[in-house]
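Here are the chains, one letter per residue:
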Amino acid sequence: MRKALDTSKAPLGKATFAKIPLSRIPFGALAASALGTALLILIFWRYWGGNEVTYTSFATATFIGLAVGSLYAMYATGLVVVYKTTGIFNFAQGAIGVFNAFLFWEFYVNRGWHALLALAVVVLVIAPLEGVLLDIAVMRRLRNTLPVMQLVATVALMVLILATTGKIWQQDSIRQVNFFFGRGAGVESIFGWNLGFKLLYHRLITIGTAIALAIFLSFLLYRTRIGTAMRAVVDNRGLAALNGVRPNVISSIAWALGSSLAALGGILIAPEIQLDPINLNILIITAFAAATFGALKNLPLTVVGALLIGLLSQHISTWLKFGSDFRFAPDAVAPVLLFIVVIALPKAQLSIGRVASHLKPKERLTHPAEAIFGVAVLIFMILVLSKGWLNFGIWDPGAWGQAPLNSALVAMGLALIGLSIVPLTGWAGQINFAPLAFAGFGAFLYLKFAGIGQETTNGYWIFLVALVCAPMGALIAIPASRLQGLYLALGSLAFAQGMSLLFFPHSSIIPSASGGSHFGDIRMFGITFDTRETFLLLIFFAFGVIVVGLVFLRRSRYGRRWVALNDSPAASATVGIDVNLTKVIVYAVSAAIAGVGGVFWATANSTLDGVRSFDVINGLNIVLLVVAAGVSIPMAGIFLVFIPVFDNLATRLEELGSVNWLVWFIREISVPLGPGFLALGMVFNPRGALYEMGRGFAPILPWRKDARKEIAQENAQKADLEFGEMGLDRPFAPNEIIDLDRRLRITDFVVPEGGYRRHDSAETGTEAATAAGDTT
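Residues numbered from 1 in each chain as written. Predicted model: local features only at pLDDT ≥ 70, side-chain atom pairs only at ≥ 80, totals over all residues. Heavy atoms only, no water.

## Details of the overall build of the protein chain
Here is step 1 of the chain: If you tally the helices and strands in the protein chain, you get 30 helices and 7 strands.
Here is step 2 of the chain: Buried residues in the protein chain amount to 46% of all 776 residues.
Here is step 3 of the chain: Pairs at least 24 residues apart make up 76% of the contacts formed inside the protein chain by residues separated by at least 6 positions.
Here is step 4 of the chain: A total of about 38400 Å² of accessible surface is found on the protein chain, and carbon and sulfur atoms cover 64% of it. (Helix = DSSP H or I, 4+ residues; strand = E, 2+ residues; numbered from the N terminus. Buried < 20%, exposed > 50% of the residue type's maximum accessible area, 1.4 Å probe, protein only. Contact = heavy atoms within 4.5 Å. Areas by Shrake-Rupley, 256 points an atom, 1.4 Å probe, with all protein chains shown as cover.)

Printed below as a string of structure tokens:
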């Protein structure tokens with residue numbers, strides 16, 4: 001064994017230390033720490049507000065930061081507990097806290113309950129029941145699914161819970177929860193030491209609760225039998241069950257505990273900010289950053305990370321002045337820290353085989369001729385509808401200049417952005433929650449190239465946008481190439497949130513249109529697409545070109561490499577594929593597609609809001625709908641058109657003055673909650689909705705003999721199972737006999753020439769065994 005200290009040949013009083021291997025030096029952590037420190041010093045030097053630093057002002061900011069950081073710690077520790085005890089990272093942790101905070105407001109403020117009663121009912125009764133329900137209905141079905149499906153399912157829950165909260169408690173009025181013991185109640189001295197300011201009881205309770213919870217959870221996980229059982233279930237569920245552990249019960253307890261912690265954090269932070277799902281949504285990224293700071297397993301470090309975020313946010317708000325361009329900088333502390341921590345993580349080891357063969361469905365590649373035919377039919381249908389050739393009193397071409405057509409144009413722009421997810425996530429398995437960030441960057445480039453407020457713009461700038469967006473995607477892929485799975489998803493989410501808070505709100509990025517339009521009509525191929533109808537045809541043409549290009553790309557050498565990278569990175573490296581270079585290339589392709597889609601999406605909107613247009617939730621909805629459609633299918637982006645279609649259907653039904661309940665269902669349920677429900681549907685159908693739709697449509701195509709043959713075989717198998725010989729004339733197989741013996745606790749059997757057959761009594765079996773000369 002190598003010794004760290006070797007003094008055998010060293011002079012007296014001197015020591016020769018063994019060299020530390022370079023592989024053990026955490027260069028990533030050191031570089032990230034240096035980068036973060038330098039960035040913090042530069043920001044304080046550049047944006048110092050000139051406020052006088054006194055003991056009172058500094059101490060006040062510090063204690064407020066500790067109180068807010070303690071609230072973040074409750075969210076983050078709940079995340080860590082659920083992840084350590086179930087193996088699933090719950091992106092919906094913050095959304096659960098938001099929902100329960102509104103529920104507490106309903107009981108405490110709106111219905112007049114006592115604060116302690118409302119707190120106990122929400123935290124100790126309703127929140128645990130929510131966690132158990134989530135575990136039984138969704139999480140247990142995710143245990144044997146692909147990692148991408150697990151992450152997207154919890155993201156779908158997050159979007160679904162936030163949308164449900166917004167629908168139940170409409171944002172038509174300001175809702176505020178009072179501080180416990182009142183806003184003015186607090187202490188000004190501790191043990192005779194004058195603080196110089198008033199520390200509110202509410203914040204003091206928050207800090208004490210966070211510390212107590214961290215100690216309690218550490219004791220629970222590492223010093224109790226149930227904590228050992230929780231960790232054992234994650235390591236090896238089957239082995240834990242053999243040792244008397246009930247995995248389902250343990251999993252439900254973990255989810256109940258995590259939901260209670262989320263509810264407690266949401267209730268305690270509600271008095272600090274206005275009770276609004278959008279404001280409380282900031283907590284989600286903050287909790288992720290704190291949990292990642294503790295490497296998703298270290299509770300003390302998680303609490304330290306949460307306190308650090310709270311302190312940095314409060315001190316930046318107190319001492320720095322950013323102006324209107326960087327007005328959201330204090331809120332960007334969490335995503336920036338999350339991105340830095342993710343970069344500092346050690347490089348992920350190549351996985352040998354993450355997908356079992358029975359989980360990986362057989363895939364039939366689309367033939368280019370089929371793709372061209374499908375796109376041609378789609379464009380022809382749009383042309384027929386736009387010309388009013390199918391007007392039978394239902395379709396009015398005169399309404400194309402109104403809201404329905406505008407919604408369709410925006411939806412098709414989002415569909416183009418959704419196509420960028422197909423090669424990156426569907427084929428290469430690289431999770432990306434920032435498609436809207438790349439699309440916004442493409443819109444920004446086009447705005448700079450073509451000019452703002454121009455009546456007509458040169459459409460050929462779109463090709464230059466794609467060429468510039470591709471290197472940006474490759475640049476983001478350089479740190480992302482070291483990651484995979486959960487950390488890659490967190491990194492992309494941090495990038496999206498950082499862009500929405502720091503980049504797009506800047507006045508030089510998306511300047512004010514002053515009541516006009518940012519983007520003019522596109523002119524290409526000698527045609528000015530100055531009407532809504534012609535522009536819709538152009539978008540569908542661009543969509544079709546990209547779809548056909550993806551079909552050719554999937555059948556190419558690069559497409560096969562990306563799929564191989566998804567199946568097994570280690571095997572890909574073994575056969576000579578450069579894994580890092582492959583990731584960089586697929587990120588570049590995805591960013592180029594998203595940039596082009598961003599141009600069409602921005603042009604369809606005419607104007608963009610640097611704050612609202614690029615919200616992270618909007619980008620997550622794109623990902624959810626594409627995954628629900630079938631993330632590996634090139635046409636998956638078209639699924640984004642269904643939302644405006646349903647909305648327009650509700651408008652038409654409303655104009656007819658009938659079926660009011662259906663209008664209400666579409667407007668209040670289908671449109672706002674549809675993306676979340678559709679994405680959760682992949683738990684039961686991992687292949688996606690388009691796969692099932694195509695499977696049902698394929699047999700009627702003349703050239704799809706394989707589809708008709710497959711359906712015939714399945715029907716024959718069903719007929720055999722229902723009307724066949726039902727197994728009465730078949731001998732038992734050896735494995736069936738062993739299984740029956742174990743279940744019935746029977747040990748006597750014979751082995752006749754025709755195979756294994758069960759005897760009805762022990763006596764018959766003994767006689768047969770004696771006749772065969774077996775006296776065992």
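Following the structure, the description resumes.
## Considering the pattern of salt bridges
Here is step 1 of the chain: Applying the stated criterion to the full structure yields 3 salt bridges.
Here is step 2 of the chain: Two residues, Arg 111 and Glu 106, come together in a salt bridge whose shortest N-O distance is 3.2 Å.
Here is step 3 of the chain: For Glu 106, a relative accessible area of 12% corresponds to the buried category.
Here is step 4 of the chain: The partner of Asp 706 in a salt bridge is Arg 704, with the nearest N and O atoms 2.9 Å apart.
Here is step 5 of the chain: Looking at Asp 706, the relative accessible area reads 39%, which means it is partly exposed. (Salt bridge = Lys/Arg side-chain N within 4 Å of Asp/Glu carboxyl O.)

## Examining the sheet that holds strand β5 (residues 456-458)
Here is step 1 of the chain: One open sheet holds the 3 strands; their spatial order is β5-β6-β7, and the pairing between them is mixed. Pairing within the sheet leaves two strands with one partner each, and these edge strands are β5 and β7 (527-529). Averaged over all pairs of adjacent strands, the angle between strand axes in this sheet comes to 30 degrees, irrespective of strand direction.
Here is step 2 of the chain: Two elements, β5 and strand β6 (residues 521-524), share 3 bridges in a ladder whose sense is parallel. Residue pairing across strands places Thr 457 opposite Ile 522, the latter belonging to β6. (Pairing = 2+ DSSP bridges. Axes fitted to C-alpha atoms, helices over the stretch in contact; angles between N-to-C directions.)

## Topic: the environment of Thr 531
Here is step 1 of the chain: Mapped onto the fold, Thr 531 is located in the loop between β7 and α20 (532-554).
Here is step 2 of the chain: When the C-alpha atoms of Thr 531 and Asp 521 are compared, they prove to be 8.3 Å apart, with 10 residues separating the residues in sequence.
Here is step 3 of the chain: At 2.8 Å, the side chain of Thr 531 forms a polar contact with the side chain of Thr 534. (Polar contact = N/O pair within 3.5 Å; in protein donor to acceptor, adjacent residues only side chain to side chain.)

## Here we look at the side chain of Lys 84
Here is step 1 of the chain: Tracing the backbone shows Lys 84 in helix α2 (residues 55-86).
Here is step 2 of the chain: If sequence neighbours within four positions are ignored, Lys 84 has contacts with Leu 221, Tyr 222, Met 230, Arg 231, Val 234, Leu 296 and Lys 297.

## What to know about the pairing of β6
Here is step 1 of the chain: Side chains of β6 alternate between two faces, with Ile 522 and Met 524 buried and Asp 521 and Arg 523 left unburied.
Here is step 2 of the chain: Across 3 bridges, the pairing between β6 and β7 is antiparallel. Note that in β7 the partner of Ile 522 across the bridge is Phe 529.

## Re the environment of Asn 406
Here is step 1 of the chain: Relative to the elements of secondary structure, Asn 406 occurs in helix α15 (residues 403-419).
Here is step 2 of the chain: Asn 406 sits in the partly exposed class, given a relative accessible area of 28%.
Here is step 3 of the chain: The spacing of Asn 406 and Arg 532 is 126 residues in sequence and 7.6 Å in space, taken between C-alpha atoms.

## Details of the packing of helix α17 (residues 435-450) against helix α19 (residues 486-503)
Here is step 1 of the chain: One can describe the packing of α17 onto α19 by two numbers: an axis separation of 9 Å at closest approach and a directional angle of 40 degrees. Together, Ala 437, Phe 438, Phe 441 and Phe 444 of α17 and Phe 495, Ala 496, Met 499 and Phe 503 of α19 make up the contact between the two elements.
Here is step 2 of the chain: Each residue belonging to the contact of α17 with α19 can be placed in one class, and the counts come to 8 nonpolar, no polar and no charged. (Nonpolar A, V, L, I, M, F, W, Y, C, P; charged D, E, K, R; others polar.)

## Structural notes on unusual backbone geometry
Here is step 1 of the chain: Its identity is not glycine, yet Ala 295 carries a phi of approximately 55 degrees, on the positive side.
Here is step 2 of the chain: With respect to the helices, strands and loops of the structure, Ala 295 is situated in the loop between α11 (282-293) and α12 (299-319).
Here is step 3 of the chain: One non-glycine residue, Leu 296, adopts positive backbone phi at about 60 degrees.
Here is step 4 of the chain: One can find Leu 296 in the loop between α11 and α12.
Here is step 5 of the chain: The exposure class of Leu 296 is buried, given its relative accessible area of 2%.

## Some thoughts on a nonpolar patch on the surface
Here is step 1 of the chain: On the surface, Tyr 460, Phe 463, Phe 525, Ile 527, Phe 541 and Val 545 cluster together into a nonpolar patch covering about 610 Å² of accessible area.
Here is step 2 of the chain: The topology assignment puts Phe 463 in helix α18 (residues 461-480). (Patch = residues over 30% accessible without salt bridge, like charges linked within 9 Å, V, L, I, M, F, W, Y side chains within 5 Å.)

## Some words on the side chain of His 315
Here is step 1 of the chain: Within the secondary structure, His 315 is located in helix α12.
Here is step 2 of the chain: Apart from residues no more than four positions distant in its own chain, His 315 is found in contact with Phe 58, Ala 61, Thr 62 and Leu 320.

## Overview of the environment of Met 635
Here is step 1 of the chain: Following the sequence through the fold, Met 635 ends up in the loop between α24 (616-630) and α25 (642-656).
Here is step 2 of the chain: The class for Met 635 is partly exposed, based on a relative accessible area of 26%.
Here is step 3 of the chain: Residues Met 635 and Val 547, 88 residues apart in the sequence, show an inter-C-alpha distance of 6.4 Å.
Here is step 4 of the chain: Here Met 635 is in contact with Leu 378, Phe 543, Val 547 and Leu 690, once residues within four sequence places are set aside.

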